[in-house]
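Per-entry structural report
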Amino acid sequence: MKGKNEQRAGLLSGFAAYGIWGVVPLFWPLLKPAGAVEILAHRMVWSLAVVGVGLLVLRRWAWIGALLRQPRKLGLLTVAAATITVNWGLYIWSVNNGHVVEASLGYFINPLVTIAMGVLLLGERLRPVQWVAVGTGAAAVLVLAIGYGRPPWISLALAFSFATYGLIKKKVDMGGLESLTAETAVLFVPALGYLLWLGAAGESSFAAEGVGHAALLAATGLVTAIPLILFGAAAIRVPLSTLGLLQYLAPVFQFGLGILYFHEEMPPERWAGFGLVWVALALLTWDALRTSRRTRARAEAARAEAARLSDAAEVPRAAIAEQPQ
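Right, let's walk through the structure included here. Everything quoted here is computed from the prediction, not taken from an experiment.

Rules behind the numbers
Once a new chain begins, its residue numbering starts again from 1 and follows that chain's sequence as written. pLDDT decides what is reported in this predicted model: residues at 70 or higher carry local features, side-chain atom pairs at 80 or more are listed and counted, and totals for whole chains, interfaces and linings draw on all residues regardless. To obtain the side-chain values, all non-hydrogen atoms of the structure were used and water was disregarded. We count a salt bridge whenever a side-chain nitrogen from Lys or Arg sits within 4 Å of a carboxyl oxygen from Asp or Glu. The helix count covers DSSP runs of H or I at least four residues long, the strand count covers runs of E at least two residues long, and both are numbered beginning at the N terminus. Buried means the residue's accessible area, taken with a 1.4 Å probe over protein chains only, is under 20% of the maximum for its type, while exposed means over 50%, and partly exposed covers the values in between. The span one expects for a helix is its residue count, reduced by one, times 1.5 Å. Residues count as neighbours in contact if any of their non-hydrogen atoms are within 4.5 Å of one another. A patch consists of residues exposed above 30% relative accessible area that lack any salt bridge, with like charges linked at up to 9 Å and nonpolar side chains (Val, Leu, Ile, Met, Phe, Trp, Tyr) linked at up to 5 Å. Each accessible area value is a Shrake-Rupley result obtained with a 1.4 Å probe; residue values ignore everything except the protein chains displayed when judging cover.

**Observations regarding the pattern of salt bridges**
- What the rule picks out here adds up to 3 salt bridges.
- Between Asp-287 and Arg-127 there is a salt bridge, and its shortest N-O distance comes to 2.7 Å. Here Arg-127 lies in the loop between helix H5 (100-122) and helix H6 (128-148) and Asp-287 lies in helix H13 (residues 268-322), a separation of 160 residues in the sequence.
- By relative accessible area, which is 1% here, Asp-287 ends up buried.
- For Arg-290, the salt bridge identified is with Asp-287, shortest N-O distance 3.0 Å.

See below:
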C-alpha cells in the first residue's frame, strides 16, 4: 500500500510540475512593461531567495563546503548557469513577443537534440528506430524552416541550450534543490547588479508600476522553484519511462495556449512540420517503452533462473543433512 501511495504521490507531483511549466506562458505577459532581461534578472535573484529558505527549513547545508573544494564541479555549475540563463531569457522573450508556438516546438524537439548530442559528444550508439526518429526530426526542422522562411532559431536555441544544460547536470550529479541553489548563487551577483543599475538609471519597473507589479516580479522565484521541487519529488517516486512520457505535457499545453489563447498563426506547412516532430516523438516513445519492457522481462527471467539454481543447490544439501551420521 505504501508503495502505491508513493507512486501516486510521484505521479501527482510530476503532473503538477509539468502542468505548471505548461501554463507558465500565461504568467510572463503579466510582468510587462518589464523587459525580458529585467524579468530574467528578477527570476535569478528571487529564485535564490526561495531555494535559500528551502535549504534553511530542510537544514541541508553540508554540501556547500564540499562543493567549494571541487573547482571542476564549480566550473561545470557555472557553465550550467550560463546555459540556463540563455534558455530562460530566450523563453521569456519569445512568449512576450508572440512566439509561444515556436517556443513549444523547442521543448518538443529537445529529446531529439539530446539523443543527437549523445551520439556526437558521448559516442552513444542508437537503435534503428532512434535513427529514424532523429532523421524525421531533422526533416521536420527543414519543413518548418521553409514554412517560416527562416530556420526556427528560437526552437533550436531553446532545445540546444536545454539539452546542453541537461548534459552538464548529468555530469555534475547533484540534487535538484542543491544544484539550483548553486546555479542561482552564480547568477545572483550579476543579476542584482543589473537590477541596481536599472534602478539608478530610472529604468526599473519594480517600484515604478506599483506594489502588485513588484509582487509579481518577486513571484518569479516561486514560479521557478516550485515546479523544480515537484519534479524532484516525482523523479524519485516514478519510473524513468513514466517521467519521460510526462515531459511532453508541458509543450503540449504551451502549443495549445499558443493557438487557442494567444491566437498565433498555424499555416499548413507549420502543421506539417509539427506533425513530423510528433511522429518522431511517437517513435521514440514506442521504442523506449519496448526497450523498457524487454529489460524488465530479462531481469525477471534472470531472477527466476537464480531462484531455480538456488533451489536446485538446496536439494543435495538437504539430502546430505538427512543421512544418518
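Next comes the rest of the write-up.
**Observations regarding helix H2 (residues 36-58)**
- A rise of 1.5 Å per residue sets the reference length of H2, with its 23 residues, at 33 Å; its end C-alpha atoms lie 32 Å apart and thus fit the reference within 8%.
- Residue Arg-59 follows H2 closely and has a positive phi angle near 55°.

**Section: the side chain of His-42**
- Relative to the assigned elements, His-42 resides in helix H2.
- Not counting the four nearest positions on each side in its chain, His-42 is found in contact with Ser-47, Leu-195, Phe-206, Leu-217 and Thr-220.

**A look at a nonpolar patch on the surface**
- On the surface, a cluster of nonpolar side chains totalling about 440 Å² of accessible area is made up of Val-23, Leu-26, Val-252, Phe-253 and Tyr-261.
- Take Phe-253: it is sitting in helix H12 (residues 249-260).

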